[in-house]
Each structure stands twice: as C-alpha cells, then as structure tokens.
Amino acid sequence: MTTPAYIELVFENVESIILKPDRFLKLEFGPLVKNDDRHTQYDQFFTDEVLMHISYEDASELSYSPAKSDHPLGGYTQNPDSNHVADRPNILGRLLLYPDLTHIYYIDENENEISSVIVPWSEEDEYQNEYMTVTTEPGYVEVRVRKG
C-alpha cells in the first residue's frame, strides 16, 4: 500500500479519528484480499485480523467522554473541532469506549482516501464488534480485531 500522510480509524457510528502514521508502533494485518467489487479510484481490502499499537504520552490522552465534550466526534454535521488526534489528543480515548472499529483508511495530505482495509466484524451485534479487544499498556493502546 502507498505510504499515507494520515491513517483514519472509522467506527460503526461514522465517527473517526485521524492519526499520523508515526503514532503506530505496530500496524499489522492478516492476509489482505482485494475487494474486486469496489469501483473506486483506490484499492479496498478485506482481512481477518488487525493488530495495532498506537502510542500515547500521557493517560489524559485516553480520557475522552463524548457526554462531557462541547463538540464530540460525530455529534452533528459540520463539527467545528478537528478529529485529528494531534489537535485533540484525548479523542484517542474513543478507542476505549466502544468496540466498533469498521474501517482503516489510508489518506493523503488532503484527506483523500488512498486505500482502505475493512476490519472483520461479527454479525452478532450491529453496534459492537465481538472480535475487537482494546487494552492499554504503558505508552501504547493495543487494538486487536481477529475473526474467529
């Protein structure tokens, strides 16, 4: 895949957070299978496993509460606040709130999609993904999504 300017993590409710690639200490996928049904200018892939380690410097970066935020992620259209973790470090904590990651987009400096990976999703619940686990370790958040 092309080296992106940013990586966007997209959630079931269409919220997203955008990170610079250097925040990923680890970003690994199981076998990638190209989605040939997709008719776009960029490639899209399916996988059965995703493993991410995303760095953080301070625990305050993980304390995101949409109920207490004046402008929560995806709370409404035309949100004036950025969804870039570099601008709002605490939104990284969105990963800890709900196990509902659906897509990983590789995007360019203009936030146009370069390629994407569809995260494996359990059909047991339409709002939460039973395949997804999130743990915090000193200095990084581990996100694992594994089918089966």
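Provided above is the structure to which this section pertains.
So, how was this worked out
Residues numbered from 1 in each chain as written. Predicted model: local features only at pLDDT ≥ 70, side-chain atom pairs only at ≥ 80, totals over all residues. Heavy atoms only, no water. Helix = DSSP H or I, 4+ residues; strand = E, 2+ residues; numbered from the N terminus. Buried < 20%, exposed > 50% of the residue type's maximum accessible area, 1.4 Å probe, protein only. Lys, Arg positive; Asp, Glu negative; His and termini not counted. Salt bridge = Lys/Arg side-chain N within 4 Å of Asp/Glu carboxyl O. Polar contact = N/O pair within 3.5 Å; in protein donor to acceptor, adjacent residues only side chain to side chain. Contact = heavy atoms within 4.5 Å. Patch = residues over 30% accessible without salt bridge, like charges linked within 9 Å, V, L, I, M, F, W, Y side chains within 5 Å. Areas by Shrake-Rupley, 256 points an atom, 1.4 Å probe, with all protein chains shown as cover. Charge placed at Lys NZ, Arg CZ, Asp CG, Glu CD. Pairing = 2+ DSSP bridges. Axes fitted to C-alpha atoms, helices over the stretch in contact; angles between N-to-C directions. Core = buried A, V, L, I, M, F, W, Y, C linked by side-chain atoms within 4.5 Å.

In this structure, what is going on with the side chain of Arg 88? I would like to understand it.
With respect to the helices and strands, the residue Arg 88 is situated in the loop between β6 (49–55) and α1 (94–97). An unpaired buried charge is present at Arg 88: no salt bridge exists, and Asp 81, the closest side chain of opposite charge, is 4.4 Å distant. Among the polar contacts made by the side chain of Arg 88, one reaches the main-chain carbonyl oxygen of Ser 82 at a distance of 2.9 Å. Excluding residues that lie within four positions of it along the chain, Arg 88 makes contacts with Tyr 64, Ser 69, His 71, Pro 72, Leu 73, Asp 81 and Ser 82.

Can you help me understand a negative patch on the surface in this one?
On the surface, Glu 123, Glu 124, Asp 125, Glu 126 and Glu 130 cluster together to form a negatively charged patch. Locating Glu 126 in the fold gives a position in the loop between β8 (113–118) and β9 (132–137).

Which parts of the structure should I look at to understand the sheet that holds β9?
Hydrogen bonding along the main chain pairs the strands of a sheet, whether they run parallel or antiparallel. The strand order β3-β6-β10-β9 describes an open sheet built from four strands, whose pairing is antiparallel. Of all the strands in the sheet, the pair left with one neighbour each is β3 (24–29) and β9. When strand polarity is set aside, the average angle formed by the axes of neighbouring strands in this sheet is 10°.

Looking at this structure, I do not really get the sheet that holds strand β5 (residues 43–46). What am I missing?
Strand order in this open sheet of six strands is β2-β1-β7-β8-β5-β4, and the pairing throughout is mixed. Each edge of the open sheet carries a strand with a single partner, namely β2 (16–19) and β4 (33–34).

Could you clarify how one ought to interpret the pattern of salt bridges in this entry?
When charged atoms on two side chains of opposite charge get close, those side chains can pair. Overall, the coordinates contain six salt bridges when judged by the stated rule. As a salt-bridge pair, Asp 43 and Lys 34 come within 3.2 Å of each other at their nearest N and O atoms. For Asp 43, a relative accessible area of 34% translates into the label partly exposed. Note on Lys 34: relative accessible area 42%, which makes it partly exposed. For Arg 94, the salt bridge is made with Asp 100, and the minimal N-O distance between the two is 2.9 Å. The exposure class assigned to Arg 94 is buried, which follows from its relative accessible area of 1%. A residue is classified by how much of its surface remains accessible, and Asp 100, at 3% relative accessible area, is buried. Linked by salt bridges that have partners in common, Glu 15, Arg 94 and Asp 100 make up one network.

What exactly am I supposed to notice about the environment of Glu 8 here?
Mapping Glu 8 onto the fold places it in strand β1 (residues 6–11). For Glu 8, a relative accessible area of 15% gives the class buried. Residues Glu 8 and Ile 104, spaced 96 residues apart in sequence, show a C-alpha to C-alpha distance of 5.8 Å. Discounting chain neighbours no more than four positions away, the residues touching Glu 8 are Ser 16, Ile 17, Ile 18, Asn 83, His 103, Ile 104, Tyr 105 and Ile 107. Separated by 2.7 Å, the side chains of Glu 8 and Ser 16 make a polar contact.

Help me understand the nonpolar core in this model?
Nonpolar side chains in soluble globular proteins generally cluster together in the buried interior. Leu 9, Ile 17, Met 52, Leu 92 and Leu 95 are the most contacted members of the largest nonpolar core, which has 26 residues in total. For this core, the elements supplying multiple residues, two or more each, are β1, β2, β6, β7 (101–107) and β10 (140–146). Apart from residues no more than four positions distant in its own chain, Leu 95 is found in contact with Leu 9, Phe 11, Ile 17, Ile 54, Met 132, Val 134, Val 141 and Val 143. Among the nonpolar cores identified, the runner-up in size contains six residues, and Val 10, Ile 18, Tyr 42 and Tyr 105 belong to it.

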